[in-house]
Amino acid sequence: MARNQNQQQQQAPKAREENELVDKLVGINRVAKVVKGGRRFAFSAMVVVGDQRGRVGYGTGKAREVPEAIRKATEAAKRNMIRVPLREGRTLHHDTKGHFGAGKVVLRSAPAGTGIIAGGAMRAVFETMGVQDVVSKCTGSNNPHNVIRATLDALVNGASPRQVAAKRGLKVGDVVARRDSGSAAAAVLEKE
């Protein structure tokens, strides 16, 4: 009896976590396989999943029916989730660049009230991740697969002040103070 309760307690947080996930369908493609007697159609789906608190993942699925392809893609996205540190829970800590294949992206943190300035597949990533203010630009390939992978590459390369401080053996306040003094120095240069 005690073992069953213990198993239920372990499964409860996981079930609660799955209910909080938000998924966005990025695209559906119809693909054809030519066989004797005609074409056999299937559907491939691309889904982005996030908890709107800094976790995001993407997946693809392929099946003969659209709902099955979406289900497979959603499961793949839940398996491939990453955690991204957010500044004040609304934007990125610093500007980053990412690339995958021919797709290149530039992600910039933005002040409050800016909104999500991103196109197509990148917007889905930011909305499911919970970012409210970001400016981004996609160059090179605009293929959704490459854009999403490049965006995730850029997000993985981003680091929070806490991570940077731990890596350098400093206090978090020292790292944040440098960031603030750097922007203050830039403001002084602009005034002159």
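Our subject is the structure that appears above.
Cut-offs used in this document
Residues numbered from 1 in each chain as written. Predicted model: local features only at pLDDT ≥ 70, side-chain atom pairs only at ≥ 80, totals over all residues. Heavy atoms only, no water. Helix = DSSP H or I, 4+ residues; strand = E, 2+ residues; numbered from the N terminus. Expected span 1.5 Å × (residues − 1). Buried < 20%, exposed > 50% of the residue type's maximum accessible area, 1.4 Å probe, protein only. Arc of directions from axis to C-beta. Contact = heavy atoms within 4.5 Å. Core = buried A, V, L, I, M, F, W, Y, C linked by side-chain atoms within 4.5 Å. Domains from an automatic or database assignment. Pairing = 2+ DSSP bridges.

**Student:** Please provide a residue-by-residue account of helix α2 (residues 66-79), values included.
**Tutor:** The end-to-end C-alpha distance of α2, which contains 14 residues, comes to 20 Å, matching closely the 20 Å that a straight helix rising 1.5 Å per residue would cover. Taken as a whole, α2 has its buried residues at A69, A73, T74, A76 and A77. Each buried residue of α2 sits inside an arc of 165 degrees when the element is viewed along its axis, so together they form one side. Among the exposed residues of α2, those pointing more than 90 degrees away from its buried face are P67 and R79. On its buried face, α2 is in contact with β1 (22-35), β2 (38-50), β3 (55-63) and β4 (81-83).

**Student:** Could you give me a rundown of the nonpolar core, with the residues and numbers involved?
**Tutor:** Grouped together as the largest cluster of nonpolar side chains are 25 residues, with contacts concentrated most on L107, F126, M129, I148 and L155. Of all elements in the fold, only β2, β3, β6 (103-109), α3 (120-129) and α4 (144-157) reach the threshold of two or more residues within this core. In terms of domain composition, this core takes at least three residues from each of domain 1 (20-81) and domain 2 (94-188). Residues in contact with L107, not counting those within four places in the same chain, are L92, H94, D95, T96, M122, F126, V135, S136, T151, A154 and L155. With 9 residues, the next largest nonpolar core counts A63, A69, A73 and M81 among its residues.

**Student:** Could you give me a rundown of the pairing of β6, with the residues and numbers involved?
**Tutor:** Of the strand pairs in this sheet, strand β5 (residues 96-100) and β6 are connected by 5 bridges, and their pairing is antiparallel. Opposite H99, over in β6, you have K104 as the bridge partner. The loop that links β5 with its antiparallel partner β6 comprises 2 residues; one of these, G101, has a positive phi angle of about 60 degrees. Taken together, the 7 bridges between β6 and strand β8 (residues 134-140) define a ladder with antiparallel strand orientation. Considered in β8, the bridge of V105 is made with C138.

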